[in-house]
Amino acid sequence: MKNKVNIIGAGLAGCEAAYQLANLGFQVDLYEVKRIKKNEVQNLDSLAELVCSNSLRSKELSNAVGTLKEEMRLLGSLVIEAAEHAKIPAGGSLAVDREIFSNFITEKIANHQNITVIDQEVTTINKNYPTIIASGPLTTEKLQKEIQKIVGEEYFYFFDAVAPIVKKDSINMEKAFKKNRYEKGDTEDYINCPMNKSQYDEFYKELTGAKLAEAHLENDKKLKYFEGCMPIEAMAKRGYQTMLFGPLKPAGLRNLDGSDNFAVVQLRPDNAADDLYNLVGFQTNLQWSEQKRVFQLIPGLENAEFVRFGVMHLNNFINAPLILNHFMQTKKNSNIFFAGQITGVEGYVESAATGILAGINMAKHLENAQMIKLPSTTVLGGLINYINTTSSHNFQPMKANWSIVADLPVEEMKVKKIDKKLSYSKRALQEINKIIDYFQLKKN
Ligand SMILES: Cc1cc2nc3c(=O)[nH]c(=O)nc-3n(C[C@H](O)[C@H](O)[C@H](O)COP(=O)(O)OP(=O)(O)OC[C@H]3O[C@@H](n4cnc5c(N)ncnc54)[C@H](O)[C@@H]3O)c2cc1C
């Protein structure tokens, strides 16, 4: 008889993981607390609830999240099957009727002979028992404490405080320059965008007047007390000088000709490939369009291409680069896997996708078979590679995008942008098909 597996959380990732394991012949106990106690954003009693938007974003293969959905479909995704069943017209996006979507998944899970749904709040984890933790961004408090015991208190986070990330090749290096503060270190890691007084004045005026995003949660008020990740606009509103003594401090960052600056914005490498840079200290709650408008006023960022905008909200996630391997398994304990938003991916589709891989790899682990490391030429592989290999210092969640996918061969990079994206997509789907064949996974 095959082993039994515990899965904590019947959200998007937990349901995907359960479905994969159950289809591979494993018995799954799927624990879900919502019918006993709902969190601030849950409304339905059914599983895999979309708590905010009803969109699974772009359908286009030229978009990384569109290709990710196709990769998931090939891997036998329950979420994609449900989305197809529940879809409603939304142009280029895959939007769903959230109740039809959630009911479809609930029925599939409840009627599966290998899955038992248990309405219970999990508060302890037996490290010797195969377990997938998929309790999401709003994990209950008692379980948060238990997870902290597994991953270490300092590696479990309660809030996103995400600074925007831009593509390195979109930074204007005729205005920006590379240097570390006080020229510390052997390599020049930071890109610096200098400002004179009039540029700072304009930036300051626009930043303090920019429109804020609507708070996701009532509890976002708590962010006010979390000084370590104060939004840049809140810092600016404290006074004209505050940013000049904080992230925009010019000390130790003279221009290459030796002249002084009034203010300097620093950008730090965000990935091992060194093609993405984050704006240091620029965690923000501004609307995305406002971020683009105001941050492009920074000299050197006039044409910056944003691969991720800043956000701030409640979000429980672990420091995946330190805790997880490429299989979604904890490095320290081979019986414990994580899946979903709690691993530091961001978004419905991304969360569900990691559930598929965690489910398949848990099955491989229990069968003592080779587990699957997806290549970073695929979107899911790129995402997992990102959460495994990005800097663990100030690790922040990531959505699907082409920048986290391995570059195409040089000759294919020279074509039009749209053709390039389609080449990325084509290669990703070919790679997923190869994996499916090699590991003899069922093809959809
Ligand atoms: C307020 C909010 C709004 C969001 N809006 C969007 C959006 O519009 N679009 C988007 O793409 N992404 C959004 N996200 C991000 C993310 O994609 C979703 O949260 C997504 O549902 C994550 O999937 P998951 O499976 O990891 O977690 P979830 O779908 O949250 O599933 C986790 C499940 O675990 C259960 N659980 C928690 N603790 C326990 C416990 N102790 N015992 C048993 N069960 C437990 C929960 O009840 C829940 O059902 C949002 C996140 C938040 C917090």
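Residues numbered from 1 in each chain as written. Predicted model: local features only at pLDDT ≥ 70, side-chain atom pairs only at ≥ 80, totals over all residues. Heavy atoms only, no water.

As recorded by an unreviewed UniProt entry, the chain carries the name Methylenetetrahydrofolate--tRNA-(uracil-5-)-methyltransferase TrmFO and is attributed to Spiroplasma sabaudiense Ar-1343. We quote the UniProt Subcellular location (unreviewed entry) comment for the chain here in full: "Cytoplasm". Per UniProt, the chain carries the Cofactor (unreviewed entry) text "FAD". (UniProt positions renumbered as here; feature names shortened; annotations may be inferred.)

(A) Representation of the overall build of the chain. Within the chain one finds 13 helices and 16 strands. In terms of overall size, the chain behaves like a compact globule, its C-alpha atoms giving a radius of gyration of 22 Å where 444 residues would be expected to give roughly 22 Å. By principal-axis analysis of the C-alpha atoms, the chain measures approximately 75 × 50 × 45 Å. Per-residue burial over the chain gives 56% buried out of 444 residues. Across the chain, the fraction of contacts at a sequence separation of at least 24, relative to all contacts at a separation of at least 6, is 69%. (Helix = DSSP H or I, 4+ residues; strand = E, 2+ residues; numbered from the N terminus. Rg over C-alpha atoms; globule rule 2.2 N^0.38 Å. Buried < 20%, exposed > 50% of the residue type's maximum accessible area, 1.4 Å probe, protein only. Contact = heavy atoms within 4.5 Å.)

(B) Focus on the packing of aromatic side chains. The final tally for this structure, using the stated rule, is 13 aromatic pairs. Centroid distance F306 to F309: 5.0 Å. Interplanar angle 15°. Geometry classified as stacked. For F309, a relative accessible area of 16% gives the class buried. Following the ring pairs from residue to residue traces out a cluster consisting of Y200, Y204, Y240 and F262. (Phe/Tyr/Trp six-rings, centres within 6.5 Å; stacked < 30°, edge-to-face > 60°.)

(C) Representation of the UniProt feature "binding site: FAD" (unreviewed entry) in the chain. Within this structure's numbering, the places UniProt gives as "binding site: FAD" (unreviewed entry) are G9, A10, G11, L12, A13 and G14. Other than its neighbours up to four places away in sequence, G11 contacts E32 and A48. Mapped onto the secondary structure, A13 falls in helix 1 (residues 12–23).

(D) Seen up close, the side chain of S425. For S425, the position within the fold is in helix 13 (residues 417–438). Only 2.8 Å separates the side chain of S425 from the side chain of T67, close enough to count as a polar contact. (Polar contact = N/O pair within 3.5 Å; in protein donor to acceptor, adjacent residues only side chain to side chain.)

(E) Representation of helix 6 (residues 197–209) within the structure. For helix 6, spanning 13 residues, the distance from its first C-alpha to its last is 18 Å, which sits close to the expected 18 Å at 1.5 Å a residue. Listing the buried residues of helix 6 in full gives Y200, F203, Y204, E206 and L207. Of the surrounding secondary structure, the elements contacted by the buried residues of helix 6 are strand 11 (191–195), helix 7 (232–237), strand 12 (263–269) and helix 8 (288–295). (Expected span 1.5 Å × (residues − 1).)

(F) Fine view of the site of the ligand. For the ligand, the set of nearby residues contains 30 residues, the closest of which are E32, T140, Q341, G347 and Y348. Between the ligand and Q42 there is a distance of 3.0 Å, counted from an oxygen atom to a side-chain nitrogen or oxygen. Only helix 1, strand 2 (27–32) and helix 10 (348–366) provide two or more residues apiece to the shell around the ligand. Residues belonging to the shell around the ligand are distributed by class as follows: 14 nonpolar, 14 polar and 2 charged. (Near = heavy atom within 4 Å. Nonpolar A, V, L, I, M, F, W, Y, C, P; charged D, E, K, R; others polar.)

(G) Quick look at the domain arrangement of the chain. Looking at the chain, the domain boundaries give domain 1 (4–161 + 316–438) and domain 2 (165–309). Inter-centroid distance (C-alpha atoms) of domain 1 to domain 2 is 31 Å. Counting from both sides, the interface comprises 17 residues of domain 1 and, opposite them, 19 residues of domain 2. Interface area, domain 1 with domain 2, both sides summed: about 1,400 Å², of which 61% is carbon and sulfur. (Domains from an automatic or database assignment. Buried area = accessible area lost by both parts, 1.4 Å probe.)

(H) A look at the sheet that holds strand 1 (residues 4–8). Here 5 strands make up an open sheet; going across it, the order is 6-2-1-7-16 and the pairing parallel. In the strand order of this sheet, the two ends are held by strand 6 (115–119) and strand 16 (336–338), each with one partner. For this sheet, the mean angle separating the axes of adjacent strands, direction not counted, is 20°. With 3 bridges connecting them, strand 7 (residues 131–133) and strand 16 associate as parallel partners. Counterpart to I132 in the pairing with strand 16 is F337. (Pairing = 2+ DSSP bridges. Axes fitted to C-alpha atoms, helices over the stretch in contact; angles between N-to-C directions.)

(I) Representation of the pattern of salt bridges within the structure. Applying the stated criterion across every chain, the model contains 20 salt bridges. For E350, the salt bridge is made with R57, and the minimal N-O distance between the two is 2.7 Å. Of this pair, E350 sits in helix 10 while R57 sits in strand 3 (residues 55–58), placing them 293 residues apart in sequence. According to the relative accessible area criterion, R57 is partly exposed, its value standing at 22%. A single network of salt bridges, built from pairs that share partners, joins K205, E206, E290 and R293. (Salt bridge = Lys/Arg side-chain N within 4 Å of Asp/Glu carboxyl O.)

(J) Spatial organisation of unusual backbone geometry. The backbone phi angle of N368 is positive, close to 55°, even though this residue is not glycine. Examined against the element boundaries, N368 turns out to sit in the loop between helix 10 and helix 11 (379–389). For N368, a relative accessible area of 74% gives the class exposed. Even without being a glycine, Q440 presents a positive backbone phi close to 50°.

(K) The sheet that holds strand 12, seen in detail. Ordered in space as 10-11-12-13-9-14, the 6 strands form an open sheet in which the pairing is antiparallel. Bordering the open sheet on either side are strand 10 (177–178) and strand 14 (306–308), each of which pairs with just one other strand. Both strand 9 (residues 165–167) and strand 13 (residues 276–279) contribute to a ladder of 3 bridges, which runs antiparallel. Following the sheet pairing, K167 is matched in strand 13 by L276. The sheet strands contacting helix 6 are strand 11 and strand 12, and the helix crosses strand 11 at an angle near 95°.

(L) Inspection of the environment of G11 at higher detail. Here G11 lies in the loop between strand 1 and helix 1. In sequence terms G11 and S53 are 42 residues apart; their C-alpha atoms lie 15 Å from each other.

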